[in-house]
Amino acid sequence: MKDIMRDGEPAVTIQRNNSRRTGKHVIIHCSICKRRTWFNAIPLIEPEGVPVPRQAWTLCKRCHQALLVQMRLSPIRTPLRLRIAVGLVAAERSPYAYIPSRRTISDRTWIIVLAWGFGIAMLLHLVLIVMLAYVAGH
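## A look at the nonpolar core
Grouped together as the largest cluster of nonpolar side chains are 15 residues, with contacts concentrated most on Cys 30, Ile 32, Leu 59, Cys 63 and Leu 67. Going through the elements one at a time, β3 (42–45), β4 (56–59), α1 (61–73) and α2 (81–93) are the ones with two or more residues in this core. Of the residues forming this core, the biggest block, 4 residues, is contributed by α2. Residue contacts for Ile 32: discarding those within four places in its chain leaves Leu 59, Cys 63, Val 86, Val 89, Ala 90, Arg 93, Ser 94 and Pro 95.

## Considerations on the pattern of salt bridges
Evaluated as defined, the whole model comprises 2 salt bridges. Across the pair Glu 46 and Arg 83 runs a salt bridge, and its minimum N-O distance is 2.8 Å. On the criterion of sequence distance, the pair formed by Glu 46 in the loop between β3 and β4 and Arg 83 in helix α2 is long-range, its members being 37 residues apart. Judged by relative accessible area, Glu 46 falls into the buried class, the value being 0%. The class for Arg 83 is partly exposed, based on a relative accessible area of 26%. Linking Arg 54 and Glu 48 is a salt bridge whose minimum nitrogen-to-oxygen distance equals 2.6 Å.

## Comments concerning unusual backbone geometry
If you check the backbone angles, Lys 34 has positive phi at about 65° while not being a glycine. The residue Lys 34 is located in the loop between β2 (9–14) and β3 in this model.

## Concerning the confidence of the model for the chain
Detailed reading of the predicted coordinates is not advisable wherever pLDDT is low. The pLDDT averaged across the chain works out to 79; a share of 78% of its residues lies at or above 70. For the chain, per-element mean pLDDT is lowest for strand β1 (residues 2–6), which scores 43, and highest for helix α3 (residues 107–137), which scores 94. Note on residues 1–10: pLDDT is under 50 here. Beyond four places in sequence and across chains, it has 22 contacts. Here residues 18–22 is a poorly scored stretch, pLDDT under 50, and it has 1 contact once near neighbours within four places are set aside; other chains count.

Definitions and limits used
Along every chain, residues carry numbers that run from 1 in the direction the sequence is written. For a predicted model such as this one, the threshold for reporting local features is a pLDDT of at least 70, and the threshold for listing and counting side-chain atom pairs is 80 or more; totals across whole chains, interfaces and linings nevertheless cover every residue. Just so you know, side-chain values use all the structure's heavy atoms and leave hydrogens and water out. What is meant by a nonpolar core is a set of buried Ala, Val, Leu, Ile, Met, Phe, Trp, Tyr and Cys residues, joined one to another through side-chain atoms within 4.5 Å. Relative accessible area decides the class of each residue, using a 1.4 Å probe on protein chains only: under 20% of the type maximum gives buried, over 50% gives exposed, and in between gives partly exposed. Strands are runs of DSSP state E lasting at least two residues, helices are runs of H or I lasting at least four, and both sets are numbered from the N terminus onward. Contacts were defined at the residue level, with two residues in contact if any of their heavy atoms lie within 4.5 Å. Salt bridge, as used here, is a side-chain nitrogen of Lys or Arg placed within 4 Å of a carboxyl oxygen of Asp or Glu. pLDDT measures how confident the predictor is about each residue, on a scale from 0 to 100.

As structure tokens, this is what we get:
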């Protein structure tokens, strides 16, 4: 276990697990960007003094570097500093941060679609009524 010290306070607790397992492969995904981390997983645990529950994350190298940059830029010096920095990094790098935007349909387009739909429905009903009248007449 290793503590990163800044201004005499532990900011982040890092646990490294360099053991390689034989047999079944364990695939670990980054907690932020959801990419596979393979052998470069960096587990982080919040320091003591944060509100319950203490959070734990597993980060890839890219997200870890972005987190370190965010931690250096942060003026906050409380134990919540890590949680806030992870949230900021996740807002930028998470695949769920930006919903794919579909073009919204304008009111004018909806009116045109409904008008065509009603017109087609009326024609289909007319054809059905004429067919029933023809069958009933013979």
